[in-house]
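What follows is the residue order along each chain.
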Amino acid sequence: MGTITRTFANNITTSGVFKPNAFNNASFDNVTAVPSGAIESGGMVLLSTQTASGDASISFTSGIDSTYKEYMFIFNNIHPASNSNLQFQTSTDGGSNYGVTATTTFFYASHQENDGEAILAYKTNRDQAQSTDFIYLTGDNMEASASDASVSGYLHLFEPSSTTFVKHYMSNTDHVADGPYQQNNYSAGYFNTTSAINAVQFKTTSGNIDAGTIQMFGIL
Amino acid sequence: MSIALSLGNNLTTGGIFKPTAVNNTSVNNVTDFAGIAGGATLVLLSTQTASASASISFTTGIDNTYDEYIFKWINCHPASNDSFQFNCSTDGGSNYNVTKTTTFFAAYHYENDSSTFLGYNINADKDLLNDYQTINSGVGGDDADNSCVGYLHLFAPSSTTYVKHFIARGQHISQTPYTYENYVAGYFDTTSAINAIDFKFATSNIDDGIIKMYGVVKS
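Residues numbered from 1 in each chain as written. Chains lettered and ligands numbered in written order. Predicted model: local features only at pLDDT ≥ 70, side-chain atom pairs only at ≥ 80, totals over all residues. Heavy atoms only, no water.

K.L.:
Please clarify how the overall build of chain A should be interpreted in this entry.
P.N.:
Scanning chain A for helices and strands turns up one helix and 13 strands. Secondary structure elements of chain A, listed N to C terminal, follow the sequence α-β-β-β-β-β-β-β-β-β-β-β-β-β. The C-alpha radius of gyration computed for chain A amounts to 24 Å, which surpasses the reference 17 Å derived for 220 residues by more than 25%, pointing to a less compact arrangement than a globule. Projected onto its principal axes, the C-alpha coordinates of chain A cover approximately 80 × 45 × 30 Å. A separation of at least 24 residues holds for 74% of the contacts in chain A among residues at least 6 apart in sequence. Seen as two clouds, the 7 positive and the 18 negative side-chain charges of chain A have centres 16 Å apart. (Helix = DSSP H or I, 4+ residues; strand = E, 2+ residues; numbered from the N terminus. Rg over C-alpha atoms; globule rule 2.2 N^0.38 Å. Contact = heavy atoms within 4.5 Å. Lys, Arg positive; Asp, Glu negative; His and termini not counted. Charge placed at Lys NZ, Arg CZ, Asp CG, Glu CD.)

Following this line, the structure appears as structure tokens:
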């Protein structure tokens, strides 16, 4: 004990302040939280990560509230079980029903791998006019037969908890379409409701989601 | 003595604190872990809330600390039907009139499904002009639930070597009503540092909404 005390004393200045060698990384192993503002936080807070494995859909039914003014979803290598498109819808009743009325736009840039076609076009069969259907995030069917084919991208949902305004969203995805084509998809619009949106669901137009992750972030 | 014994149990033979010596309460008085970056790559610098505001300006914090700034506007509501715009300043906000050349294209879709559009808007772009740049063209203001949202990336505003590029994407509901998505990009044709930015509707007040400014860490 005397040796320890002497060594410990060497880790304190004559003013009684701990010297840097009084602590090492292990000293703080049991510190799991510090006062708010003590450590600069990131502007994006990861709230949830879900990994698909033969799932009919992926839903986020908690954590969407007034805590954040903006939520961002990132899709990473979503691979469908069958040729299909990725879609999403929202809910105002915690996920019991997904079918909020929306008006949306959809356009994409599409480029065939063999260079046979390269276009920029509005796609009227992928937009919605005051419809409660699921909303397209991809233009043409994802190619399921190629194991390396997938869709990645992001979706911004703005102030879902507002009870004053409609709820705007903007998305951008890139995927391998059956063909194969590379397609860069832009969808945006608004959910025409002043009820708070509190759940979001993603699914494919047919079949399961075989693989991939969807992350939900809150933006400070 | 009892305390000394307990303390001794919390020290290694080298006099270093064991994990049991420190818990959350131990750091209650620590207000700044200055050496810990916290893993932040997107740093929220400022949030401003509109309330019948003629404009919202950011006149501090735009410097060489970051090579990229991101501005986000959420549910900005005009006092009347109007376009949301922005401009930059090289004199700390005394004047917002930096010369710019820009592109503008958009997609829209009517709620009644009567019309869709994807195309370039030559009325909204700029060719070496210094007036405000539209980023949401024709936001509905008459209906209380109408608003606009979007984000703007401003790159290396403090550079004194290069022009200053920006990329923006806006989404809003127009009065008719229809959904309207705006894609705007371009550059401020100056090698002076940009150090302030101003957002406003073309002619009416910003009745409601917030605008946030983020810095993207360099490394």
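Further notes follow.
K.L.:
Would you mind going over a nonpolar patch on the surface with me for this structure?
P.N.:
Residue and element names in this part refer to chain B. Side chains of F105, Y120 and I122 sit close together on the surface and give an oily, nonpolar patch of about 310 Å² of accessible area. Considering the arrangement of structural elements, one finds Y120 in strand β6 (residues 116-120). A relative accessible area of 42% means that Y120 is categorised as partly exposed. (Patch = residues over 30% accessible without salt bridge, like charges linked within 9 Å, V, L, I, M, F, W, Y side chains within 5 Å. Areas by Shrake-Rupley, 256 points an atom, 1.4 Å probe, with all protein chains shown as cover. Salt bridge = Lys/Arg side-chain N within 4 Å of Asp/Glu carboxyl O. Buried < 20%, exposed > 50% of the residue type's maximum accessible area, 1.4 Å probe, protein only.)

K.L.:
Is there a simple way to think about the confidence of the model for chain B in this case?
P.N.:
Should the pLDDT be low somewhere, the predicted coordinates at that spot are not to be read in detail. Averaged over all residues, the pLDDT of chain B is 91; the fraction at 70 or higher stands at 92%. Per the prediction output, this complex has pTM 0.83; the corresponding ipTM is 0.80. (pLDDT = per-residue confidence, 0-100.)

K.L.:
What is the right way to look at the side chain of A:Q87 in this model?
P.N.:
Residue position: A:Q87 is located in strand β4 (residues 86-91). Judged by its relative accessible area of 6%, A:Q87 falls in the buried class.

K.L.:
Would you explain the environment of A:G95 in this entry?
P.N.:
All names here are of chain A. Within the secondary structure, G95 is located in the loop between β4 and β5 (102-112). Under the relative-accessibility criterion, G95 is labelled partly exposed at 23%. Expressed as a C-alpha distance, the spacing of G95 and I197, which sit 102 residues apart in the sequence, is 9.5 Å. Once residues within four sequence positions are removed from consideration, G95 is found in contact with T61, N198 and A199.

K.L.:
Honestly, the state of the cysteines in this entry has me stumped. Any pointers?
P.N.:
Any covalent bond linking the sulfur atoms of two cysteines counts as a disulfide. All names here are of chain B. Inspection of the entire model under this criterion finds zero disulfides over all chains. Its sulfur unpaired, C76 is 5.0 Å from the next cysteine sulfur, which belongs to C148. Given a relative accessible area of 0%, C148 falls into the buried group. (Disulfide = S-S within 2.5 Å.)

K.L.:
In this structure, what is going on with the side chain of B:D145? I would like to understand it.
P.N.:
Checked against the element boundaries, B:D145 lands in the loop between β8 (133-139) and β9 (148-155). It turns out B:D145 is buried and unbridged, and the closest side chain with the opposite charge, A:K167, is 8.1 Å from it. In this structure, B:D145 is in contact with A:T164, A:F165, A:V166, A:N192 and A:T194, ignoring residues within four places of it in sequence.

K.L.:
Hey, could you run me through the pattern of salt bridges in this one?
P.N.:
Side-chain pairs of opposite charge can arise whenever the charged atoms involved come near each other. All names here are of chain B. As enumerated under the stated definition, the model contains five salt bridges over all chains in all. A salt bridge links D131 to K126; its shortest N-O distance comes to 3.1 Å. Assessed through its relative accessible area of 37%, D131 is described here as partly exposed. The closest approach of N and O atoms between R169 and E181, which form a salt bridge, is 2.4 Å. Within this pair, whereas R169 is found in strand β10 (residues 164-174), its partner E181 is found in strand β11 (residues 178-188), the two being separated by 12 residues in sequence. Given a relative accessible area of 3%, R169 falls into the buried group.

K.L.:
How do you make sense of the packing of aromatic side chains when you look at a structure like this?
P.N.:
When we look at a pair of aromatic rings, we describe it by the centre distance and by the angle of the planes. Tallied over the full model, the rule gives 33 aromatic pairs over all chains. Consider the rings of A:Y68 and A:Y71, whose centres lie 5.6 Å apart with planes at 85 degrees: the pair is edge-to-face. No difference in accessibility class separates A:Y68 from A:Y71, as the two residues are buried. The lysine or arginine in question, B:K200, covers the ring of B:Y132, its NZ or CZ lying 4.3 Å from the ring centre. (Phe/Tyr/Trp six-rings, centres within 6.5 Å; stacked < 30°, edge-to-face > 60°. Lys NZ or Arg CZ within 6 Å of the ring centre and 35° of its normal.)

K.L.:
Quick question: what am I supposed to make of the nonpolar core here?
P.N.:
B:F71, B:F84 and B:F199 are the most contacted members of the largest nonpolar core, which has 37 residues in total. Leave out the neighbours within four places in its chain, and B:F71 touches B:F58, B:I62, B:G150, B:Y151, B:L152, B:L154, B:I197, B:F199, B:K212 and B:M213. If you look at the next biggest cluster of nonpolar residues, it comprises 27 residues, including A:V100, A:M142, A:L157 and A:Y169. (Core = buried A, V, L, I, M, F, W, Y, C linked by side-chain atoms within 4.5 Å.)

K.L.:
Before we go on, may I ask you to explain the interface of chain A and chain B in this structure?
P.N.:
Accessible area lost upon the coming together of the parts is a frequently used measure of interface size. Listed as interface residues are 64 residues of chain A and, on the opposing side, 65 residues of chain B. Here chain A packs against chain B, burying approximately 4,900 Å² in sum over the two surfaces, 65% of which is carbon and sulfur. Run the count over chain A and chain B and you get one salt bridge. Here A:E70 ties to B:K72 by a salt bridge, and the two come within 2.9 Å at their closest N and O atoms. Between chain A and chain B we count 15 residue pairs in polar contact (both at pLDDT 80 or more) in total. (Buried area = accessible area lost by both parts, 1.4 Å probe. Polar contact = N/O pair within 3.5 Å; in protein donor to acceptor, adjacent residues only side chain to side chain.)

K.L.:
When you look at the pairing of β9(B) in this model, what are you seeing that I'm missing?
P.N.:
Residue and element names in this part refer to chain B. Judged by how many residues are buried, β9 sits mostly within the fold: six of eight residues are covered. Relative to β10, β9 runs antiparallel, the two sharing seven bridges. Each bridged residue has a counterpart across the sheet, and for H153 the counterpart in β10 is I167. (Pairing = 2+ DSSP bridges.)

K.L.:
Whenever I open this one, the environment of B:L118 confuses me. Can you help?
P.N.:
Looking at where B:L118 falls in the secondary structure, it is placed in strand β6. Since its relative accessible area comes to 23%, B:L118 is described here as partly exposed. In sequence terms B:L118 and B:N136 are 18 residues apart; their C-alpha atoms lie 15 Å from each other. Residues contacting B:L118, with those up to four places away along its chain left out, are A:F107, A:L120, A:A121, A:Y122, B:F105, B:A106 and B:A107.

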